[in-house]
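Analysis of the macromolecular model
The chain contents come next:
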Amino acid sequence: MNLSELRRALERARVRPVKSLGQNFLHDQNLARWIVDQARIEPADFVVEIGPGLGALTAEILRRGARLLALEKDARLVDFLRENFPAPNFEVRHIDALAFDTRGLFAEPNVKIIGNLPYYVSSQLLLRFLEQPVHITLCLWMLQDEMARRLSAEPRTAEYGALTLRVQLHHHVEYLRKISNRVFFPQPDVVSAIVRLTPREENDSAVRDDALFEHLVRAGFSQRRKQLPKLLSHYAGDWETAAKKIGASPHARAEELSREQWIVLTNYLARQQERGPTDGAAECFPVVDEHDRKTGTAKRAEVHANNLRHRAVHILIFNATGEVLLQKRSAWKDRHPLRWDSSAAGHVEGDETYDETAMRELKEELGVSVHLQVMGKILASEKTGQEFITVYKAECDGPFRFPPEEIKALKFFPVEIVERWVVNKPEDFAPGFLECWRLWRVSNSHPERSRGTPWSYVKGSAAGFLGFARNDKLS
Ligand code: SAM
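Residues numbered from 1 in each chain as written. Predicted model: local features only at pLDDT ≥ 70, side-chain atom pairs only at ≥ 80, totals over all residues. Heavy atoms only, no water.

1. Observations concerning the packing of helix α8 (residues 210-221) against helix α11 (residues 259-273)
Where α8 contacts α11, the axes come no closer than 9 Å and their chain directions differ by 120°. Taken together, the axes of α8 and α11 lie oblique to each other. α11 is crossed by α8, and the crossing has right-handed handedness. Of α11, the residues touching α8 (which contributes Leu 212, Phe 213, Leu 216, Val 217, Gly 220 and Phe 221) are Trp 262, Ile 263, Leu 265, Thr 266, Leu 269 and Ala 270. The class makeup of the residues in the contact of α8 with α11 is ten nonpolar, two polar and no charged. (Axes fitted to C-alpha atoms, helices over the stretch in contact; angles between N-to-C directions. Helix = DSSP H or I, 4+ residues; strand = E, 2+ residues; numbered from the N terminus. Parallel < 35°, antiparallel > 145°, perpendicular 65-115°, else oblique. Left-handed = near helix turned anticlockwise from the far one by under 90°. Contact = heavy atoms within 4.5 Å. Nonpolar A, V, L, I, M, F, W, Y, C, P; charged D, E, K, R; others polar.)

Rendered as structure tokens:
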């Protein structure tokens, strides 16, 4: 829409642009088309638009046939959009985008985020939507030029800082172009720019501990003029050795270290705090027959290499509101790295019982000890990697403490989201989890099964499950 059409639209919507909501509307439809082109939208995409306003970008996104969810804080504009864009693939929600629950996006394939962001809240919004772990394939933001330059900055420049690294850790950032303030009504005081963010390959951002990366970067940039040995002394007692490891000068300042050097530094310091070898190839597992009777023991590497039947536990933790805790496996796991998995899981070792293993794993992986209830047992098969799995459930709200070398992230998800996610993108999950989730679904839709006597048989359970349920609590 051009400027006079935009003025008429504002009149129809009875909207006088509000400065506190960052309402500067785009009135150059060619530019709107160019902007949306940069998001490479396909009909299979699920697009979230932040602050659609009068719909300059909305119209272009819908023209490309994608599903679109728009988040708009101003109720008057929500009514206007609903009236003017009655498309079946379009939903507009009256919400502060900062309050939007991004967990629903995990269940959607090809999620793209677009927004001509209200500048008063743009950094909060972009960090909210990029909060790790995140499932977004592309973000296209119109931002204040100064902010766009900070996001895309190179080392040794004034714009390069903690925000740059926080965003560039997991994303490529492209500064696409400057946008004059003359294309908006009313005209803002500042110049804008468009940036495109795409996620890096997960192994490319294989930082061992995201939280440590952030602490280091924040401390390093807390006083730009000071040298790192002073600023990071709390984390790196022997800075000379650390500097050598990352190929930096012992007198370096934060802005001189590249993203890669910050990652190497984080991983070097994280490894010093870790508990020891995580490979575990030498651990000994009981090997069992097709009835789960122990026939001997073998080393972990041998068990997996020869597909020997063995034992494992999976634990599903639910919080008080019924959301399930999932873990994202770290990039360093030898099996199914970076896949989503049960809250905690592990192999039965040595002479342990299933119950003892479950309590140990809970403590080691999540740092908690809670009452566990057996949900059932899954037969060893190809799908479980020849593991007999006893599945437990428990209620706990945390807090959890987890080893970052084993677990990349932990997050509670509403059950409905996991239900959609396992159907839409089963490849996101470790195969053992998918079997446990199937068992949970069976036991949840038949609650009487969990009220039986210990190890009572669950009638009519899905093929592949031994289908036991037990109510006894462990402590
Ligand atoms: N996309 C439109 C365009 O390009 O013409 C409007 C952009 S305008 C800069 C920002 C829009 O974000 C406005 O419609 C404003 O009402 C909306 N907005 C402001 N704060 C918001 C928030 N916290 N959550 C969602 N929308 C918000």
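2. Here we look at the packing of helix α2 (residues 29-37) against helix α3 (residues 56-63)
Axis separation between α2 and α3 bottoms out at 9 Å; the angle between their running directions is 55°. Judged by the angle between their axes, α2 and α3 are oblique. Of the two possible hands of crossing, α2 and α3 adopt the one that is right-handed. Contacts between α2 and α3 involve Gln 29, Ala 32, Arg 33, Ile 35 and Val 36 on the former and, on the latter, Ala 56, Leu 57, Glu 60, Ile 61 and Arg 63.

3. A short note on the sheet that holds strand β7 (residues 171-179)
Taken in spatial order, the seven strands of this open sheet run β4-β3-β2-β5-β6-β9-β7, and their pairing is mixed. Among the strands making up the open sheet, the edge pair consists of β4 (90-94) and β7. Taking each pair of neighbouring strands and ignoring which way they run, the sheet shows an average axis angle of 20°. Across five bridges, the pairing between strand β3 (residues 67-72) and β4 is parallel. From the neighbouring strand, Ala 70 faces β4, where its bridge partner is Val 92. Along the sheet, helix α4 (residues 75-84) makes contact with β3 and β4, crossing β4 at roughly 165°. Packing against the sheet, helix α5 (residues 122-130) makes contact with β2 (46-50), β3, β5 (111-116), β6 (138-144), β7 and β9 (192-199), and its axis sits at approximately 170° to β6. (Pairing = 2+ DSSP bridges.)

4. Observations regarding α11
Across its 15 residues, α11 extends 21 Å between first and last C-alpha, which sits within 8% of the 21 Å expected from 1.5 Å per residue. Every buried residue belonging to α11 is among Arg 259, Gln 261, Trp 262, Ile 263, Leu 265, Thr 266, Asn 267, Tyr 268, Leu 269 and Ala 270, and all of these are buried. Close packing links the buried residues of α11 with α7 (162-168), α8, α9 (228-231) and α10 (239-246). (Expected span 1.5 Å × (residues − 1). Buried < 20%, exposed > 50% of the residue type's maximum accessible area, 1.4 Å probe, protein only.)

5. Describing unusual backbone geometry
Residue Gln 132 is joined to Pro 133 through a cis peptide bond whose omega torsion reads -10°. Tracing the backbone through its elements, the reader meets Pro 133 in the loop between α5 and β6. Of note, the bond from Phe 185 into Pro 186 is cis; its omega dihedral lies within 30 degrees of zero at -15°. Positioned with a positive phi, Asn 110 is a non-glycine residue whose angle comes to about 50°. Of note, Asn 110 is situated in the loop between β4 and β5. Of note, the phi angle at Asn 307 is positive, near 55°, even though the residue is not glycine.

6. Re helix α13 (residues 354-366)
The end-to-end C-alpha distance of α13 is 18 Å, a good match for the 18 Å that 13 residues give at a rise of 1.5 Å each. In terms of residue burial, α13 counts as a mostly covered element, since ten of its 13 residues are buried. On its buried face, α13 sits against β12 (310-318), β13 (324-329), β15 (344-347), β16 (373-378), β17 (387-395) and β18 (407-413). Immediately downstream of α13, the backbone of Gly 367 shows phi near 70°, a positive value.

7. Thoughts on the site of the ligand
In the vicinity of the ligand lie 21 residues, with Gln 23, Leu 26, Glu 72, Asn 116 and Tyr 120 positioned nearest. Glu 72 is positioned with one of its side-chain polar atoms (N or O) 2.6 Å from an oxygen atom of the ligand. Protein burial of the ligand: of its 590 Å² of free accessible surface, 99% is covered by the chains. In terms of residue class, the shell around the ligand is made up of ten nonpolar, six polar and five charged. (Near = heavy atom within 4 Å. Polar contact = N/O pair within 3.5 Å; in protein donor to acceptor, adjacent residues only side chain to side chain. Areas by Shrake-Rupley, 256 points an atom, 1.4 Å probe, with all protein chains shown as cover.)

8. A few points about the packing of aromatic side chains
By the definition in use, this model includes 16 aromatic pairs. Considering the side-chain rings of Tyr 160 and Phe 221, the 6.0 Å spacing of their centres and the 75° angle between planes classify their relative orientation as edge-to-face. One end of the pair, Tyr 160, is in the loop between α6 (145-151) and α7; the other, Phe 221, is in helix α8, with 61 residues separating them in the sequence. Grouping residues by exposure puts Tyr 160 and Phe 221 together as buried. By way of ring pairs, the aromatic residues Phe 106, Phe 318, Trp 340, Phe 413, Trp 421, Phe 429, Phe 433, Trp 437 and Trp 440 are connected into one cluster. Its guanidinium or amino end placed over the ring of Trp 34, Arg 177 lies 4.7 Å from that ring's centre, counting from NZ or CZ. (Phe/Tyr/Trp six-rings, centres within 6.5 Å; stacked < 30°, edge-to-face > 60°. Lys NZ or Arg CZ within 6 Å of the ring centre and 35° of its normal.)

By themselves these figures say nothing about function.
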